[in-house]
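Okay, here's what each chain looks like letter by letter:
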Amino acid sequence: MLVALIAHDKPGALSVRHENRPAHVEYLKSGTAVQQAGPLLDHVGDMIGSLIILDVADMDEARIWADGDPYGKAGLFESVDLIPWNRVIGG
């Protein structure tokens, strides 16, 4: 099943994002669950959140994946939503 992980950073947490980015990117690449990923941006191009498309067996696996993300462990996010997603266009 595909799941969209949409996370919004805490205000003023850009330094936390930068400090943990190498570990986060390594985590993204470490398995087969991540299909697409990238930062959400504000009006000047600064990173303010994350959008990650996971391909997992169920919502429990999506939650486990999200709990292991170094960004989440570092306390970067103000909110994290896991939403089942249906791909219509794209491969």
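Residues numbered from 1 in each chain as written. Predicted model: local features only at pLDDT ≥ 70, side-chain atom pairs only at ≥ 80, totals over all residues. Heavy atoms only, no water.

(A) Structural context of the sheet that holds strand 1 (residues 2-9). What the four strands build is an open sheet, ordered 2-3-1-4; its pairing is antiparallel. One side of each edge strand has no neighbouring strand; the edge strands of this open sheet are strand 2 (34-41) and strand 4 (77-85). Averaged over neighbouring strand pairs, the angle between their axes works out to 15° when direction is ignored. As paired elements, strand 2 and strand 3 (residues 47-55) share seven bridges and run antiparallel to each other. (Pairing = 2+ DSSP bridges. Helix = DSSP H or I, 4+ residues; strand = E, 2+ residues; numbered from the N terminus. Axes fitted to C-alpha atoms, helices over the stretch in contact; angles between N-to-C directions.)

(B) Spotlight on the pairing of strand 3. Sheet topology places strand 1 next to strand 3; seven bridges connect them, and they run antiparallel. Along strand 3, the bridge assignment pairs Val3 with Leu54. Counted between consecutive antiparallel strands, the loop separating strand 2 from strand 3 contains five residues, among which Gly45 sits at a positive phi close to 95°.

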